[in-house]
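Breakdown of the fold
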Amino acid sequence: MNVNQSAPPVPPFGQPQPVYTGYHQSSYGGQPGSTAPPTPYGAYNGPVPGYQQTPLPGVSRAPPSSEAPPASTAQAPCGQAAYGQFGQGDVQNGPSSTVQMQRFPGSQPFGSVPLAPVVSQPTVLQPYGPPPTSAQVTAQLAGMQIGGAVAPALPPVGLGYGPPTSLASASGSYPNSGLYGSYPQGQAPPLSQAQGHLGAQPPQRSAPPQASGFTSPASGGPRMPSMTGPLLPGQGFGGPSVSQPNHVSSPPPQALPPGTQMTGPPGPPPPMHSSQQPGYQLQQNGSFGPVRGPQPNYGSPYPGAPTFGSQPGPPQPLPPKRLDPDAIPSPIQVIEDDRNNRGSEPFVTGVRGQVPPLVTTNFLVKDQGNASPRYIRCTSYNIPCTSDMAKQAQVPLAAVIKPLARLPPEEASPYVVDHGESGPLRCNRCKAYMCPFMQFVEGGRRFQCCFCSCINDVPPQYFQHLDHTGKRVDAYDRPELSLGSYEFLATVDYCKNNKFPSPPAFIFMIDVSYNAIRSGLVRLLCEELKSLLDFLPREGGAEESAIRVGFVTYNKVLHFYNVKSSLAQPQMMVVSDVADMFVPLLDGFLVNVSESRAVITSLLDQIPEMFADTRETETVFAPVIQAGMEALKAAECAGKLFLFHTSLPIAEAPGKLKNRDDRKLINTDKEKTLFQPQTGAYQTLAKECVAQGCCVDLFLFPNQYVDVATLSVVPQLTGGSVYKYACFQVENDQERFLSDLRRDVQKVVGFDAVMRVRTSTGIRAVDFFGAFYMSNTTDVELAGLDGDKTVTVEFKHDDRLNEESGALLQCALLYTSCAGQRRLRIHNLALNCCTQLADLYRNCETDTLINYMAKFAYRGVLNSPVKTVRDTLITQCAQILACYRKNCASPSSAGQLILPECMKLLPVYLNCVLKSDVLQPGAEVTTDDRAYVRQLVTSMDVAETNVFFYPRLLPLTKSPIESATEPPAVRASEERLSNGDIYLLENGLNLFLWVGASVQQGVVQSLFSVSSFSQITSGLSVLPVLDNPLSKKVRGLIDSLRAQRSRYMKLIVVKQEDKLEMLFKHFLVEDKSLSGGASYVDFLCHMHKEIRQLLS
Amino acid sequence: MATYLEFIQQNEERDGVRFSWNVWPSSRLEATRMVVPLACLLTPLKERPDLPPVQYEPVLCSRTTCKAILNPLCQVDYRAKLWACNFCFQRNQFPPAYTGISEVNQPAELMPQFSTIEYVIQRGAQSPLIFLYVVDTCLEEDDLQALKESLQMSLSLLPPDALVGLITFGRMVQVHELSCEGISKSYVFRGTKDLTAKQIQDMLGLTKPAMPMQQARPGQPQEQPFVSGRFLQPIHKIDMNLTDLLGELQRDPWPVTQGKRPLRSTGVALSIAVGLLEGTFPNTGARIMLFTGGPPTQGPGMVVGDELKVPIRSWHDIEKDNARFMKKATKHYEMLANRTATNGHCIDIYACALDQTGLLEMKCCANLTGGHMVMGDSFNTSLFKQTFQRIFSKDFNGDFRMAFGATLEVKTSRELKVAGAIGPCVSLNVKGPCVSENELGVGGTSQWKICGLDPTSTLGIYFEVVNQHNAPVPQGGRGAIQFVTQYQHSSTQRRIRVTTIARNWADAQSQLRHIEAAFDQEAAAVLMARLGVFRAESEEGPDVLRWLDRQLIRLCQKFGQYNKEDPTSFRLSDSFSLYPQFMFHLRRSPFLQVFNNSPDESSYYRHHFARQDLTQSLIMIQPILYSYSFHGPPEPVLLDSSSILADRILLMDTFFQIVIYLGETIAQWRKAGYQDMAEYENFKHLLQAPLDDAQEILQARFPMPRYINTEHGGSQARFLLSKVNPSQTHNNLYAWGQVTLTSLQPPPLNTWQLLPCSSLL
């Protein structure tokens, strides 16, 4: 919202946004849109239109043009007109303009509304303003108004309209951009709708004209008809789509046009589609202007419809309703907007309940009393005061906590506070740690706990006077009184057995069975370890790491190595009694690297030799972990096991597994068994590991089924990581593996950790997701916790919350540092509480929501059939949106899909979750892959889930080679691919380079060093190092992408029309997937239908 | 042959056999009335420098139930080339190779002087000897160091092609792989878990011969044909490796807290050693040599817990049934011993510690497999070092004095049956026509397995005369017994030694004098003692003593001449004269008396008693006492307190101890330093003489005895005093001594030359 200001300048963007933005904008509009949009849009629109056209075929395009004309004429046209003017090529403008228009409407309403939302509105307005040239704008406005005028008339006409209009008025209430309706409803209503809008607009925007334009749209509903005329032709879409997006809520603008069509159609539709159609249409109206457009065309165009079809009446709806993809909310747009709006200013955490910038935005954080969003992100920063409200909204209240998150170099890591022997100051009752929210009273002699309200004495050594505001005068000298995140040095009371811990140890446990040897893994690994051991994590400025290392190799027996520095040569001790594992040596197993370097080097030299001729193919697994754990136990320290494992452990031993991979189970009630461990032995083992502070990192190198679901149990429960390299071959996978390994070994880890989340009275942490173990309901036990691991915590009400005091979270993590120091890390976060649902919806974060929902669903598959899980998700999503629609959005046609601004991406992201490999596997996805992904997601943070579910697709040749920044992304749909371009696609795990079939030869030459497209090796994983700007840039880009992710992404070069392309297309998540996943458009329609069902 | 004495001696020298009766009572009834059973002490591998083995195989009786070996007692029809078996009377054709046979061209086995003959079997692959060291690492530093040195030294004594292996144990058990370059490798086992042989072999990777797990680098062709190559390697190949490995052996690294015993997994270590050999070299000569410095404290076979405050079981505890681990541990070791015996391997136990080490429980390992048992105070003593070295002594041919995997088969003529054997053997459970239903010792079989034996290993074999009284043996008939010992010679050859003896039958009623005169009281004493000790293992001490007493009384009744009510009239003939004395000392011996001995000591003494030859056994029963004085050459004197005189030096040999005791005066003379004066050189010689003699004994005996050099009033004099017949009480002994104390005379000047007394020994 704040952004608004910036927005104004943006104007141009605003317009572009329109495309999707339509929705977004409207929603965003307010916020982000403004600035960022401009540029992106330009680019986007351009392409988009192109695509749209292509995809939509004649229709879409045609529409635009056709529309344009009409638009110009009509006005709504503004947008259209804009198009027209700019030329289709500029579609951007066109759309944008339209969009803007739409937004405006929305905005206007808002504007009128004055709501906080105002912000959004303003932005909206601004955008609009800019886009349209002044002249145009004016024209538009005029048109709009007119339209508005018209509209009235229309309402009666179009069913949809009716609502829209209402929306419009209502829209005022909808602060959120998209949701005009909402604003209007709330507040707007009072305003004269049309005028109000207008008025609003003007105020908001400098560019009244636009506003006017918008207004018109608002009123547009009515106009539609006029628009329609022109639009109907099918082009309706173009226009509508654009506009719609913005308006989602207020379809009016575009909707109008389409609407017009609609209206036109409406008449027909009813007959045609029965109720459904209307529904759709309505939806369209909302966001889906396009839909309407389609209707007319329907019959044919809508392939997508079919998908829907199922839901709505396939027959009618489908065809007709097709939505213009450009008209629906675009993640890309939202991301860009947020980047532009919020990337420049640091995020200051001083204010309670602020929604931080999106995870995709680069921003700095200034800790002024609340934990940085890098540590904690919430699904909503405004919590309903009562559980009834919460239940009504169905918005999960969850926090995604990454206690040891890495910070950018510009931000200081948490201060360490040492309170000496007395230890950290805590509330006597609830044991919360001293934090900035504690209230000092009685002149500083006591403090009231902000969590449980208990009054505690301030110990004498901690006493300090208060200033006139009741603040301690030393508040700013003490991190625990002024910062959101800080650390305490723990006293011996916080240590196991009341003994300060010894430094942790790393144990490398290497599979030396036939497969591991043959693939070259063992040799590679041993070679790497020699140098890697110099880079063990160390604390602060320590010269050398305190971590001790140990080595074990194994096949069906275990080999321990004594590498004591005094030995002339390493000693190998074989333990064959795998049924009853024990550690055969005490002294010399865990050693200091620098002291035993010679022996270790000698050992690592010999391991590959010793087993070079092995023919042992069987392996054990549980005993290996057991051994590592026992070793740590014997050494009385915490630590981490690095397991390098190749095959299903079929050797006779505890934890022996059998191959139970059965694809026939997919889509049956037994599918869940594929995700469940085969045996309970691993859970038991994990429990022991956790008790010992033994974290397990597993590197898998399977050639076939290894039952990841079972093998990953221990890593999962001990806070470890699993890495999987299917069909590992040194030549191809070396870089990826080594890079992951280096990172994994070097990363800072907290050991033997316990995390407790305390909350102020009224809410309570009830559920936890992530890689950890819990032996009771409150303590999250983590044998190891690194900077990538995230814990998602869900809260529930157990009492009424107070708007005034808000809600507080305190996450305390007790852990042992790499140097063996026992510490407490505290993160505090204050949230607002609300009595209005609208506040909730206005302060949500969709990415976090998706993070929670994905984790929830991924855990659900353990116990329920996948289909049930999917349905639950859809239902929940529908309920969230329906609640919004019902309670926050201005009354409007039931056919309108109105999305909260903050959640307008919820459908698209949710769809991505639904069609992810775990919930809807394709034929090529192995059981292991699913289990692997499932457990990966469990501990992902918000940024990771974001890109994982909605991959980034970057065109490489569109932006000038010189530009150093990342090229703007495009939406993940095949429609967005130009066969004359090259794209990078990444989702945090995979990295593809897609080469269009008709890409310029020069580009091919400079990237691949071959003369033609046909000579490019498909599946290539390394780009040749060439000395030309393009090659450098692409490689640089790839490197920077990899640097952003916690795992190394192996590059796969995919050629258009090549076999591998299937693989690639799997990640184009807006499209229909082969496995039956719905396309974005289809899903949105489905969602709309669900919502409508709920509402009716 | 002039006297029975000479006859007996001659027989012993030639055949290694001493019978209790050299003329046999011809009926069962008579025989039982003789009190001392018909039995013999057999030293199967008695050294016979004059008996070169023949390089062919024996000729067997063709009757499948007999299979006796052709011997000088068989009747031979040279013309028909037939021979009649003297046991079953089967007539057998000579094999083709014997076609040239005639009265003047006899094969060795038919010549009377070859009543004992040794055949060399050429068949079958010869496998090298195997030595598996099982070493306790829970030792004090200097003890371990000494042990390591002994072990390293022993490597140079082993036959170069012998296979050696190393297992070390403490809290864990480590089986060392010996062929590794650049890294030393071992398999580790938990010390608390009993594993089956199969498990052990699985865990050692011995079950899949097709899988040489590692090391077979191309370019280095693997010549080792055995899977077990990893653990058992020819000494010449890994001499250096093993020496280094032993050198690097560290004390068990696991911390032992105050008040605890180190955790010692002897039971599992032995079990693994047994399992290893069982899986790799069954029925091949192999020695498992266990070196332990304390009691097993954990796992199967534990003898005592690790709490130092709980002492290890004593006889008192055992009688009170208070030894909680004893039965279980014994069972464990018995199981191991039986398995080992089945595989033809033997287990040596070298236990050196000041406290007990659990020999009581472990004894069967050595007893049943023919292994050695050595008990000492520390590995850092010459007692252990020299004893251990002596294991590898060689005979006149340069062969090791050890043989393996022997089976002893006894065949008797039909008037006799074999009732059992007592010695380092186990039954092979071979029933046959010559097996008696009554058992004496280990019976019920005609074959026994002796897994490890040396030239002095001696078994007592007991017979039963089954001839019925009403079916007299024809006049001049002779009973025959054939002992067939198949064994693996230390040169790895398979050999068969056959001893065939015959004795006359006599009718006990008419010819009792003959029988009486042919009584071998020494052999009888030892044989009876063995029976007594054998019983003592399973019965209460007093019962055994009572049994012994009754036997003695009955014997005296039968063969003594006396007038009723007149003790002074009692007479025994010469051939019985020493027997009561033997019995007297036997009753007092540590073999039957446990008082003042720990259970370990008792086990140790009994172990040796059950395997030594007659001479040594007699020493054990009745220690020998020599007296050295200026009055004449050294002389054996009565084992009686009256032999302790002030001007004598006594040398007592109890087999386990050599005690030199200086009489009071002698001690004072020595204290006064007379031996350093030139004019008293004869005194110096006198002092030196027993030392030299003792040294000679020490050099020859296995195990090396404890050597005690003491004097009148010395604390160690108790070793002597406890053995002598206390005809004078200690009190009057001392009183008597004090007299001379007051008037110390110098020793006599050099007047005569001391004679060496070695001839007496």
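Residues numbered from 1 in each chain as written. Chains lettered and ligands numbered in written order. Predicted model: local features only at pLDDT ≥ 70, side-chain atom pairs only at ≥ 80, totals over all residues. Heavy atoms only, no water.

The name given to chain B in an unreviewed UniProt entry is Protein transport protein SEC23, with Callorhinus ursinus as the source organism. In UniProt, chain B has this text filed under Function (unreviewed entry): "Component of the coat protein complex II (COPII) which promotes the formation of transport vesicles from the endoplasmic reticulum (ER). The coat has two main functions, the physical deformation of the endoplasmic reticulum membrane into vesicles and the selection of cargo molecules for their transport to the Golgi complex." One UniProt comment on chain B, placed under Sequence similarities (unreviewed entry), says "Belongs to the SEC23/SEC24 family. SEC23 subfamily." (UniProt positions renumbered as here; feature names shortened; annotations may be inferred.)

UniProt's Sequence similarities (unreviewed entry) comment on chain A is quoted here verbatim: "Belongs to the SEC23/SEC24 family. SEC24 subfamily."

1. Things to note about the overall build of chain B
Helix and strand counts for chain B come out as 20 helices and 29 strands. The C-alpha atoms of chain B give a radius of gyration of 28 Å, which matches the 27 Å a tight globule of 761 residues would have. For chain B, buried positions account for 59% of its 761 residues. A fraction of 74% describes how many contacts in chain B between residues 6 or more apart in sequence connect residues 24 or more apart. Surface accessibility of chain B: about 31,300 Å² in total, with carbon and sulfur atoms responsible for 52%. In chain B, 71 positive and 74 negative side-chain charges are present, and the distance between their average locations comes to 7 Å. (Helix = DSSP H or I, 4+ residues; strand = E, 2+ residues; numbered from the N terminus. Rg over C-alpha atoms; globule rule 2.2 N^0.38 Å. Buried < 20%, exposed > 50% of the residue type's maximum accessible area, 1.4 Å probe, protein only. Contact = heavy atoms within 4.5 Å. Areas by Shrake-Rupley, 256 points an atom, 1.4 Å probe, with all protein chains shown as cover. Lys, Arg positive; Asp, Glu negative; His and termini not counted. Charge placed at Lys NZ, Arg CZ, Asp CG, Glu CD.)

2. Some thoughts on the packing of aromatic side chains
In this description, an aromatic ring pair is defined by two values, namely the gap between the centres and the angle between the planes. Applying the stated criterion across every chain, the model contains 66 aromatic pairs over all chains. Seen from their ring centres, phenylalanine 508 of chain A and phenylalanine 551 of chain A are 5.8 Å apart, and the 20 degrees between their planes marks the pair as stacked. Pair noted here: phenylalanine 508 of chain A is in strand β11 (residues 502-511) and phenylalanine 551 of chain A is in strand β12 (residues 548-554), with a separation of 43 residues, a long-range link. Between tryptophan 994 of chain A and phenylalanine 1064 of chain A, the aromatic rings sit 6.1 Å apart at their centres with planes inclined by 15 degrees, giving stacked as the arrangement. Of the two residues, tryptophan 994 of chain A is situated in strand β27 (residues 990-995) and phenylalanine 1064 of chain A in helix α41 (residues 1061-1065); the sequence distance between them amounts to 70 residues. Residues tryptophan 994 of chain A and phenylalanine 1064 of chain A agree in their burial class; the two are buried. The structure contains a cluster of three or more aromatic residues connected by ring pairs, namely Phe131, Tyr133, Phe291, Tyr350, Phe379, Phe384, Phe388 and Phe392 of chain B. Over the ring of phenylalanine 440 of chain A we find arginine 472 of chain A, and its NZ or CZ is 4.8 Å from the ring centre. Directly above the aromatic system of phenylalanine 1013 of chain A lies the positively charged group of lysine 1055 of chain A, at a separation of 5.1 Å from the ring centroid. (Phe/Tyr/Trp six-rings, centres within 6.5 Å; stacked < 30°, edge-to-face > 60°. Lys NZ or Arg CZ within 6 Å of the ring centre and 35° of its normal.)

3. Quick word on the UniProt feature "domain: Sec23/Sec24 beta-sandwich" (unreviewed entry) in chain B
Listed under "domain: Sec23/Sec24 beta-sandwich" (unreviewed entry) in the UniProt record, and renumbered for this structure, are residues 403-506 of chain B. In residues 403-506 of chain B, helix accounts for 0% and strand for 55%; the two terminal C-alpha atoms are 38 Å from one another.

4. Concerning helix α34 (residues 846-860) of chain A
End to end, α34 of chain A covers 20 Å across 15 residues, agreeing with the expected 21 Å (1.5 Å per residue, within 8%). Counting buried residues along α34 of chain A, 13 of its 15 residues qualify, which places the element largely inside the surrounding structure. (Expected span 1.5 Å × (residues − 1).)

5. A look at the confidence of the model for chain A
Per-residue pLDDT for chain A has a mean of 75; in total, 71% of the residues score no lower than 70. Between residues 1-320 of chain A, whose pLDDT stays under 50, and residues either more than four places distant or in other chains, the model counts 1326 contacts. (pLDDT = per-residue confidence, 0-100.)

6. Considering the UniProt feature "domain: Zinc finger Sec23/Sec24-type" (unreviewed entry) in chain A
Taking the numbering used here, the UniProt-annotated feature "domain: Zinc finger Sec23/Sec24-type" (unreviewed entry) corresponds to residues 424-462 of chain A. For residues 424-462 of chain A, the end-to-end C-alpha separation is 10 Å, with 0% helix and 23% strand making up the annotated structure.

7. Describing helix α27 (residues 597-610) of chain A
All names here are of chain A. An ideal rise of 1.5 Å per residue puts 20 Å on 14 residues; α27 measures up with 19 Å between its terminal C-alpha atoms. Among the residues of α27, those classed as buried are Val599, Ile600, Ser602, Leu603, Leu604, Gln606, Ile607, Pro608 and Met610. In this fold, the buried residues of α27 make contact with α26 (521-532), β12, β13 (558-562), β14 (571-575) and β15 (591-592).

8. Brief notes about the domain arrangement of chain A
All names here are of chain A. Partitioning chain A into structural domains gives domain 1 (417-483), domain 2 (505-747), domain 3 (845-949 + 1076-1095) and domain 4 (951-1068). If you average the C-alpha positions of domain 2 and of domain 3, the two centres end up 36 Å apart. Counting residues at the interface gives 20 residues for domain 2 and 22 residues for domain 3. In total, about 1,800 Å² of surface goes out of reach between domain 2 and domain 3, with carbon and sulfur atoms giving 51% of it. Looking at the side of domain 2 facing domain 3, the largest losses of area belong to Arg663, Phe675 and Lys724, adding up to 36% of the total buried there. Here domain 2 and domain 3 share two salt bridges between them. (Domains from an automatic or database assignment. Buried area = accessible area lost by both parts, 1.4 Å probe. Salt bridge = Lys/Arg side-chain N within 4 Å of Asp/Glu carboxyl O.)

9. Here we look at the state of the cysteines
All names here are of chain B. Taken as a whole, this structure holds zero disulfides over all chains when the rule is applied. Counting only cysteine sulfurs, cysteine 138 is the nearest neighbor of cysteine 352, a cysteine outside any disulfide, at a range of 15 Å. Look at cysteine 352 and you get buried, because its relative accessible area is 1%. (Disulfide = S-S within 2.5 Å.)

10. Considering the domain arrangement of chain B
Domain annotation for chain B reports domain 1 (4-56 + 111-122 + 401-468 + 478-506), domain 2 (130-205 + 228-390) and domain 3 (617-729 + 742-759). On a C-alpha basis, the centres of domain 1 of chain B and domain 3 of chain B stand 39 Å from each other.

11. Describing the UniProt feature "domain: Gelsolin-like" (unreviewed entry) in chain B
Mapped onto this numbering, the UniProt entry annotates "domain: Gelsolin-like" (unreviewed entry) at residues 634-720 of chain B. Along residues 634-720 of chain B one finds 37% helix and 24% strand; the C-alpha atoms at either end are 18 Å apart.

12. A word on the environment of lysine 148 of chain B
All names here are of chain B. Note on placement: lysine 148 falls in helix α3 (residues 141-157). Note on lysine 148: relative accessible area 5%, which makes it buried. Dropping the residues within four chain positions of it, lysine 148 is found in contact with Leu246, Gly247 and Leu249. A polar contact of 3.2 Å, which involves the side chain of lysine 148, links it to the backbone oxygen of glycine 247. (Polar contact = N/O pair within 3.5 Å; in protein donor to acceptor, adjacent residues only side chain to side chain.)

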